[in-house]
Amino acid sequence: MSLFRLDASILPATSASRSLADLVEAEWTASHPDSIVTRRDLAADPVSATVWADAVTAQFVAEDQRSEQQNAARALAATFADELIDADALLFAVPLYNYGVSQHFKTWFDLAYTDPRIDPTGTALNGKPATLVTVLGGNYAPGTPKEGWDHSTGWLRRVLEDVWGLDLRVVQRPFTLVGVNPAMDAFTDVANELKDKAEKSARVYGQELAATRSAKVA
């Protein structure tokens, strides 16, 4: 049994997304204490912004004419794909930054997506159980003043659930800047409620992640 975990927070010591992902992972480990957990920390080991272009352009060049950078990019893309394919379950912890997708995650996804095994015509990830943890500094839910400003969660669901075909569950915690930004102190009570709700969801989805894979293995 194996779990692949990806973290994209640039502030690991205080990361709300990592804390929630820890709860998911703890449930997985409780069910599979001897399992392997493969980790990829995109803040500690970011993907260069130029690697994706090297991997894409390599597809249009004869193999014996590719540059060193193109060969390295293709090899890294294969490594990313291997990590996803080889794992029995997947866990992604991706915060919202500046109302959009984390650049670290987007660069990682773009490069992984160049591997033909996980493109839309040949994905080897279809049906694989996965949990996405995402956190938002504010609250962009329906009825809030900034409804629709979250341009990350929808895209993440699209590429993970629809493009890669993952059996995806999503844990989301809004208002993580309450207690950090004094201007948001008025939302303390609701922020605490949303935090508790997200933590409960993380534990439940962690149990489901482990149980879903256990059922498939059995």
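A. Region of the structure containing the pattern of salt bridges. On inspection of all chains with the given rule, the structure shows 15 salt bridges. Residue Arg-117 pairs with Asp-115 through a salt bridge whose shortest N-O separation is 2.9 Å. For Asp-115, a relative accessible area of 7% gives the class buried. One network of salt bridges, with partners in common, ties together Arg-5, Asp-7, Asp-22, Glu-25 and Arg-39.

B. Molecular detail of the pairing of strand β1 (residues 2-7). Counting buried positions over the six residues of β1 gives six, a clear majority of the element. With burial as the criterion, each face of β1 is covered, one bearing Ser-2, Phe-4 and Leu-6 and the other bearing Leu-3, Arg-5 and Asp-7. Pairing of β1 with strand β2 (residues 36-41) involves six bridges; the strand directions are parallel. Within β2, the position partnered with Phe-4 by the bridge is Thr-38. Traced from β1 through helix α1 (residues 16-31) to β2, the parallel crossover comes out right-handed.

C. Up close: the sheet that holds strand β7 (residues 167-173). Strand order in the open sheet formed by five strands is β2-β1-β3-β6-β7, with parallel pairing between adjacent strands. Every interior strand has two partners, whereas the edge strands, β2 and β7, have only one. Geometrically, the sheet is characterised by an average inter-axis angle of 15 degrees between neighbouring strands, direction not taken into account. Both strand β6 (residues 129-135) and β7 contribute to a ladder of seven bridges, which runs parallel.

D. Structural view of the layout of surface pockets. In this structure, the largest pocket spans a volume of roughly 480 Å³. What lines the largest pocket is a set of 19 residues, and nearest its centre among them are Leu-96, Tyr-97, Gly-137, Thr-176 and Leu-177. Those elements that provide at least two residues to the lining of the largest pocket are α1 and β4 (96-97). The class makeup of the residues in the lining of the largest pocket is eleven nonpolar, eight polar and no charged.

E. Region of the structure containing the packing of helix α2 (residues 51-58) against helix α3 (residues 68-86). Interaxial distance between α2 and α3 falls to 8 Å at its minimum, and their mutual angle equals 100 degrees. Taken as axis vectors, α2 and α3 run roughly perpendicular relative to one another. Across the interface between the two elements, Val-51, Asp-54, Ala-55, Thr-57 and Ala-58 of α2 pack against Gln-69, Gln-70, Ala-73, Arg-74 and Leu-76 of α3. Considered class by class, the residues forming the contact of α2 with α3 number five nonpolar, three polar and two charged.

F. The nonpolar core, seen in detail. Ranked by internal contacts, the top residues of the largest apolar core, which has 32 residues, are Leu-84, Phe-92, Phe-105, Trp-108, Leu-160 and Trp-164. Contributing elements (two or more residues each) for this core: β1, α2, α3, β3 (89-93), α4 (103-112), β6, α5 (153-163) and β7. When residues no more than four places from it in sequence are discounted, the contact partners of Leu-160 are Phe-92, Phe-105, Leu-132, Gly-165, Leu-166 and Leu-168. Counting residues in hydrophobic clusters, the runner-up holds 16 residues, among them Ala-89, Val-135, Ala-202 and Ala-210.

G. Layout of unusual backbone geometry. Of note in this structure, Asn-98 is not a glycine but carries a positive phi near 50 degrees. Of note, Asn-98 is situated in the loop between β4 and β5 (100-101). By relative accessible area, Asn-98 is classed as exposed at 76%. Phi angles above zero are rare outside glycine, and Phe-175 is one such case at about 60 degrees.

H. Local environment of α3. Under the 1.5 Å per step criterion, the end-to-end length of α3 is 27 Å for 19 residues, consistent within 8% with the ideal 27 Å. Taken residue by residue, α3 has Gln-70, Ala-73, Ala-77, Phe-80, Ala-81, Glu-83 and Leu-84 as its buried positions. The arc that holds the buried residues of α3, viewed along the axis, is 155 degrees, so those residues lie on one side. In α3, the exposed positions angled more than 90 degrees off the buried face are occupied by Glu-68 and Asp-86. Buried residues belonging to α3 abut β1, β2, α2, β3 and α4.

I. A look at the packing of aromatic side chains. As enumerated under the stated definition, the model contains 13 aromatic pairs in all. With a centroid separation of 6.3 Å and an interplanar angle of 40 degrees, the aromatic rings of Phe-80 and Trp-108 are classed as tilted. Of the two residues, Phe-80 sits in helix α3 while Trp-108 sits in helix α4, which places them 28 residues apart along the sequence. Measuring from ring centre to ring centre gives 6.2 Å for Phe-92 and Phe-105, while their planes differ by 90 degrees; the resulting arrangement is edge-to-face. With Phe-92 in strand β3 and Phe-105 in helix α4, this residue pair connects regions lying 13 residues apart in the sequence. Considered together, Phe-92 and Phe-105 belong to a single accessibility category, that of buried residues.

Parameters and conventions
Residues numbered from 1 in each chain as written. Predicted model: local features only at pLDDT ≥ 70, side-chain atom pairs only at ≥ 80, totals over all residues. Heavy atoms only, no water. Salt bridge = Lys/Arg side-chain N within 4 Å of Asp/Glu carboxyl O. Buried < 20%, exposed > 50% of the residue type's maximum accessible area, 1.4 Å probe, protein only. Helix = DSSP H or I, 4+ residues; strand = E, 2+ residues; numbered from the N terminus. Pairing = 2+ DSSP bridges. Right-handed = clockwise from strand over helix to strand, strands pointing away. Axes fitted to C-alpha atoms, helices over the stretch in contact; angles between N-to-C directions. 1 Å grid on protein atoms, 1.4 Å probe; cavity = no way out; pocket = protein on both sides within 12 Å on 5 of 7 lines; lining within 4 Å. Points joined across faces, edges and corners; volume = space filled by probe spheres on them. Nonpolar A, V, L, I, M, F, W, Y, C, P; charged D, E, K, R; others polar. Parallel < 35°, antiparallel > 145°, perpendicular 65-115°, else oblique. Contact = heavy atoms within 4.5 Å. Core = buried A, V, L, I, M, F, W, Y, C linked by side-chain atoms within 4.5 Å. Expected span 1.5 Å × (residues − 1). Arc of directions from axis to C-beta. Phe/Tyr/Trp six-rings, centres within 6.5 Å; stacked < 30°, edge-to-face > 60°.

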